[in-house]
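# Residue-level structure breakdown
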Amino acid sequence: MRRLRNLKVVATLGPASDDYDMIRNLFEAGADVFRLNMSHGAHEEIARRHAIIRQIEQDTGRPIAILADLQGPKLRCGVFADGAAELEDGQDFRLDLDPAPGEGHRVQLPHPEIFAALEPGTTLLVNDGKIRLRVRACGPDFADCEVVVGGTISNRKGVNVPDVVLPLAALSDKDRRDLAFVLELGVDWIALSFVQRPEDVTEARAIIGERAAILSKIEKPAAVKCFDEILAVSDGIMVARGDLGVEIPVQNVPPIQKRLVHACRMAAKPVIVATQMLESMIESPMPTRAEVSDVATAIYEGADAVMLSAESAAGQYPIEAVTTMNNVAVEVESDPTYRTIIESSRQASRTTVADGIVAAAREIAETTDIKAICCFTESGTTALKTARERPRVPILALTPYAATARRLCLSWGINCFFNDKVERFKMAVVSAARAARAGGYGDGEDRIIVIAGLPFNIPGSTNILRVAPCEERLIFNVEPE
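Quick look at the structure, then. (Residues numbered from 1 in each chain as written. Predicted model: local features only at pLDDT ≥ 70, side-chain atom pairs only at ≥ 80, totals over all residues. Heavy atoms only, no water.)

Scanning the protein for helices and strands turns up 18 helices and 21 strands. Since a compact globule built from 481 residues should have a radius of gyration of about 23 Å, the 24 Å found for the protein is in line with a globular shape. Referenced to the eigenvectors of the C-alpha coordinate spread, the extents of the protein come out at roughly 85 × 45 × 45 Å. For the protein, the proportion of contacts with a sequence separation of at least 24, taken over those separated by at least 6, is 67%. Put simply, the protein shows about 19200 Å² of open surface, and 51% of that area lies on carbon and sulfur atoms. (Helix = DSSP H or I, 4+ residues; strand = E, 2+ residues; numbered from the N terminus. Rg over C-alpha atoms; globule rule 2.2 N^0.38 Å. Contact = heavy atoms within 4.5 Å. Areas by Shrake-Rupley, 256 points an atom, 1.4 Å probe, with all protein chains shown as cover.)

What follows deals with unusual backbone geometry. A positive phi angle, near 55 degrees, is found at D128, a position not held by glycine. Looking at the element boundaries, D128 is found in the loop between β7 (123–126) and β8 (131–139). A positive phi is found at T275, a non-glycine position, where the angle reads about 90 degrees. Looking at T275, the relative accessible area reads 22%, which means it is partly exposed. (Buried < 20%, exposed > 50% of the residue type's maximum accessible area, 1.4 Å probe, protein only.)

This part takes up the sheet that holds strand β20 (residues 447–453). One open sheet holds the 5 strands; their spatial order is β19-β18-β17-β20-β21, and the pairing between them is mixed. Looking at the sheet topology across the chains shown, the edges are occupied by β19 (414–418) and β21 (462–469). Within this sheet the neighbouring strands show an average axis-to-axis angle of 25 degrees, counted without direction. Sheet analysis places strand β18 (residues 395–399) next to β19, joined by 5 bridges and oriented parallel. (Pairing = 2+ DSSP bridges. Axes fitted to C-alpha atoms, helices over the stretch in contact; angles between N-to-C directions.)

It is worth spelling out the packing of aromatic side chains at this point. Enumeration according to the criterion identifies 2 aromatic pairs in this entry. Taking 6.4 Å as the distance between ring centres and 80 degrees as the angle between the ring planes, the aromatic pair formed by F417 and Y441 counts as edge-to-face. In this pair, F417 is assigned in strand β19 and Y441 in the loop between α17 (425–438) and β20, connecting sequence segments 24 residues apart. Like F417, the residue Y441 is buried in the burial classification. Its guanidinium or amino end placed over the ring of F27, R3 lies 5.0 Å from that ring's centre, counting from NZ or CZ. (Phe/Tyr/Trp six-rings, centres within 6.5 Å; stacked < 30°, edge-to-face > 60°. Lys NZ or Arg CZ within 6 Å of the ring centre and 35° of its normal.)

Quick look at the sheet that holds strand β6 (residues 106–108) now. Read from one edge of the open sheet, 6 strands run β6-β5-β9-β8-β7-β11, paired in mixed fashion. Every interior strand has two partners, whereas the edge strands, β6 and β11 (159–160), have only one. Bridge analysis of strand β5 (residues 92–96) against strand β9 (residues 142–149) gives 5 bridges, and the strand direction is antiparallel. Pairing of D96 across the sheet is with F142, part of β9.

This part takes up the packing of helix α14 (residues 353–367) against helix α15 (residues 381–388). Two measures define how a pair of helices packs: the angle their axes make with one another and the distance between the axes. Running from N to C, α14 and α15 point in directions that differ by 50 degrees, and their axes come no closer than 9 Å. With respect to their mutual orientation, α14 and α15 come out oblique. By crossing handedness, the relation of α14 to α15 is classed as right-handed. Of α15, the residues touching α14 (which contributes A354, D355 and V358) are T382, K385, T386 and R388. Looking at side-chain class alone, the contact of α14 with α15 contains 2 nonpolar, 2 polar and 3 charged residues. (Parallel < 35°, antiparallel > 145°, perpendicular 65-115°, else oblique. Left-handed = near helix turned anticlockwise from the far one by under 90°. Nonpolar A, V, L, I, M, F, W, Y, C, P; charged D, E, K, R; others polar.)

One pass over the full model with this rule turns up 35 salt bridges. In this structure, the salt-bridge partner of E146 is R136, at a minimum N-O distance of 3.7 Å. In this pair, E146 is assigned in strand β9 and R136 in strand β8, connecting sequence segments 10 residues apart. As a salt-bridge pair, E343 and R339 come within 3.1 Å of each other at their nearest N and O atoms. With E343 and R339 both in helix α13 (residues 336–344), this residue pair falls 4 residues apart, about one helical turn. Residue class for E343 comes out partly exposed when judged on its relative accessible area of 22%. (Salt bridge = Lys/Arg side-chain N within 4 Å of Asp/Glu carboxyl O.)

Here it is as structure tokens:
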């Protein structure tokens, strides 16, 4: 089941994609990673979907990554006596800790930590930014605001505070319970919501350890400001444009997206572009032209993956949405302009022997008739460095560890194969040739590049490159031990 593109597709599971047949169809249509949204669904539902994915993985013989997306702390106002109130531009409105039902001039905001961080002039956004308030005066239990942009405010609408770093941990009590649950299940990636600073990631790392990789969601202005520090302690990044677009001017989102994608590529860490990519396909079998252009833009920028949310979780056309993502990627990647953009944005980052080896592999592959670059990898680092080069030929990652193979499913161009441990380089070359033939990447006298580290089975020891034929008989005739 060879993919004809390098981009990876992340599909969120939900009520519309909840049984074996549908999830199998999504995988065959092009989904490489399945997202379990911990904001929705009981633990029993999450466990059932997880088991189905692992069954499909076993049935197809292909590694599949599972991403558990934690909800993060949710800031919401209280309830209203009449269920809602209408706010007029310029009027006064108070937020406080009083649990009494709200009315036209006040409502509860049950988050004392917000009041502790507010200052006069701070902006508050309600209901995805549809209502905008400016703080005039505040104290430990209240904020008197002016309504800058009015509208209808109703029960438990979300509140965003874009101007300040809130004294809130990225992991709520619910997140900690969910995290313990999904780590026990054995997911491959944890998406961490509400990241504001690198300490949020290191706090999660102390709990997760090596049991899963951490994907930091960039959805707060504070996270954009210290992005380099967050990237350094994360295994991957999600550009969560929905919440980010609420808290910053929408025109700022595209350049931020471009900058973050480029930084992730330079760091050899996968990056997902997410939110509202094919939003209309929740109810329509066809996307808008603007949505297709949005997906294409992320691909031209060099993103590792694009993500479907409600489109595949609750929409009427989940398979069509995945198929659309796949088709757009195939078309864009066949465009000569795509290669020009990708190669012109390549920057040398060669400070280790492994960096030099993967750069040499890409150069050889692009100047001779090479069918694939095959990487033997323990931790996945060699494959990630190879993907950073964005070679023109497929990347095959061979590893004895299921966890490594599954995590690499999120990264650009990497095709993952389970492989027994090898002790001799000749057998590594043979294993690579077998994988290339089995995957349809080459045959007979077709040549592949094999990258490995000697001695074997030591992470980070990549130090050897060999050009070899796909035919085993030829390998044994000409390859040294």
